[in-house]
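The lines below spell out each chain.
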Amino acid sequence: MTYPAATGDFRPDPAAQPAYAEERSAVIDLEAIRHNVRHLAAVASPAQVMAVVKADAYGHGAVPVARAALSAGANWLGTAHISEALALRAAGIEAPLLAWLHTPESNFAAAVAAGVDIGCSGWELERIVAAAREQERPARVHLKVDTGLGRNGATLEAWDGLVGEAMEYQDQGLLRVVGIFSHLAVADEPERPETDEQLAAFREALAIARDAGVDPEVRHLANTPGTLSRPDTHFDLVRVGLGLYGLSPFEGQRSEELGLRPAMTVRTVVSHCKDVPAGQGVSYGLNYRTGGASTLGLIPLGYADGVPRIATGGPVRVDGVNYPVVGRIAMDQMVIDLGPLNVSAGGTSVLGAEAVLFGNGDDGGPTAEDWARAAGTNNYEIVTRISPRVPRRYINEEPARDGSRP
Ligand SMILES: *Cc1c(COP(=O)(O)O)cnc(C)c1O
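A closer look at the packing of aromatic side chains
Given two aromatic rings, one states the distance between the centres and the angle between the planes to describe the pair. Within this structure, the stated rule accounts for four aromatic pairs. A ring pair is formed by F202 and F235, whose centres lie 5.0 Å apart and whose planes are at 80°; its orientation type is edge-to-face. With a gap of 33 residues between them, F202 in helix α8 (residues 194-211) and F235 in the loop between α9 (224-229) and β9 (237-240) connect regions that are remote in the sequence. As far as burial versus exposure is concerned, F202 and F235 are alike and both buried.

So, in structure tokens, the structure goes:
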């Protein structure tokens, strides 16, 4: 087999190129997203699904993912920041949308104006009410209780007071308590007892709210691992992030076993291929040397693209073989040792061959989990850290009913 020469650096209209023809891309399969939403919705039913699209949809692209998720049956969207929620509104997305991580600098007025639901752990309440007054529009609020994670959310001690104040403002028409929620700490380790403790604390918080007259539309607690392993955490709504992207939250359980399909493939093409003698040092620090005469392949992705610098040994698939990265991962590039191809003596070069870092794992292909292992991290971080330097390309887009692109 021969390969085309490596292509030029600049494509005037990359969107016009098929994804596979590009030098570097993160290919996002929107049918995989839709499949995962349908599957998670079936698992969660009768609870509804909130598609969590914070952090640019874990690196997959917030707007296209949000649209795909809504088209497949997600009822809600979730982001961490109000700014992320406003970007979705600016793109014309009108679905119910919750943002839950704020600072005193957050633009609560813009959130109220855009009809963005606001998570409230306590201190935000006065700001939210001020924003509602300014906008002459009631705010939509989800009160958050800390049931054990120790991040935001009111403590159970402060809960009573928060609920009481919120209800006073609701009676004044300044806000509506739309939801009550909390977040799980260890649901990815189903054998641990703390999820039961959090569930009990959440029920207690719900009872306190009920006694104070709160009648929320949605009570929500479960993340992806809770959704998949603990039906008793589903309540009215599950907030799924990782599963939406087709990744498994459980150590030792693959996506496929959970009925999920990984949506992101990070791939490039081999940019150099050459024979080297035994003992050839590779990359900064010369931490790797070839064991015998061999052939090195240069992969034009590095830590500026979001490949963890620490992840030497992570797999790159070329021609159906997964090769571990050898030597240090640099800013723009990394190296695989292909074994002796004898390119100079007529062997086939892999210059220009497709090189896949991770994808859906079909046919033994590398996965985000393989890279997580190599980097000492989790699959969440591997997909989320793929940088804007790597163009996102969307496949299996579904045309919208009005004929515009999804
Ligand atoms: C990120 C996040 C989620 C989604 O978690 P996954 O494990 O990715 O499903 C849900 N709720 C909150 C509050 C979050 O911050």
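Some words on helix α1 (residues 30-44)
Across its 15 residues, α1 extends 21 Å between first and last C-alpha, which sits within 8% of the 21 Å expected from 1.5 Å per residue. What α1 keeps buried is the set L30, A32, I33, R34, H35, N36, V37, L40 and A44. Lining the buried residues of α1 we find β1 (24-29), β2 (48-52), α3 (62-71), α9, β9 and β19 (392-395). At the N-terminal end of α1, a side-chain oxygen is found 2.9 Å from the backbone nitrogen of E31, two or three residues along, and the residue is D29.

What to know about the pairing of strand β17 (residues 334-337)
Every second residue of β17 is oriented toward a common face, with M334 and I336 on one face and V335 and D337 on the other, all of them buried. Sheet topology places strand β14 (residues 294-299) next to β17; four bridges connect them, and they run antiparallel. If you follow I299 over to β17, its bridge partner there is M334. Relative to β17, strand β16 (residues 321-326) runs antiparallel, the two being bridged by two bridges. Residue V326 lies in a different strand from β17, and its bridge partner there is V335.

Considering the domain arrangement of the chain
The domain architecture assigned to the chain consists of domain 1 (14-23 + 271-395) and domain 2 (30-244). Distance between the C-alpha centres of domain 1 and domain 2: 38 Å. Taken together, the contacts link seven residues of domain 1 with ten residues of domain 2. Summing both partners gives a buried area of about 760 Å² for domain 1 against domain 2, and 62% of it is carried by carbon and sulfur. When the area that domain 1 buries against domain 2 is broken down by residue, the three leading residues are Y380, T384 and Y394, summing to 61%. Across the contact surface, domain 1 and domain 2 share zero salt bridges. Along the contact surface separating domain 1 from domain 2 lie three residue pairs in polar contact (both at pLDDT 80 or more). Secondary-structure elements contributing two or more residues to the side of domain 1 that touches domain 2 are α11 (379-384) and β19.

Looking at the pattern of salt bridges
For the structure shown, the criterion picks out 17 salt bridges. A salt bridge links R34 to E31, with the nearest nitrogen and oxygen atoms 2.8 Å apart. With a gap of three residues between them, R34 and E31 both fall in helix α1, about one helical turn apart. Note on R34: relative accessible area 6%, which makes it buried. Between R192 and E189 there is a salt bridge whose closest N-O contact spans 3.2 Å. Take R192: its relative accessible area is 29%, and that puts it in the partly exposed class. Three or more residues joined by partner-sharing salt bridges are found here, namely E31, R34 and R38.

Calculation rules
Residues numbered from 1 in each chain as written. Predicted model: local features only at pLDDT ≥ 70, side-chain atom pairs only at ≥ 80, totals over all residues. Heavy atoms only, no water. Phe/Tyr/Trp six-rings, centres within 6.5 Å; stacked < 30°, edge-to-face > 60°. Helix = DSSP H or I, 4+ residues; strand = E, 2+ residues; numbered from the N terminus. Buried < 20%, exposed > 50% of the residue type's maximum accessible area, 1.4 Å probe, protein only. Expected span 1.5 Å × (residues − 1). Contact = heavy atoms within 4.5 Å. Polar contact = N/O pair within 3.5 Å; in protein donor to acceptor, adjacent residues only side chain to side chain. Pairing = 2+ DSSP bridges. Domains from an automatic or database assignment. Buried area = accessible area lost by both parts, 1.4 Å probe. Salt bridge = Lys/Arg side-chain N within 4 Å of Asp/Glu carboxyl O.

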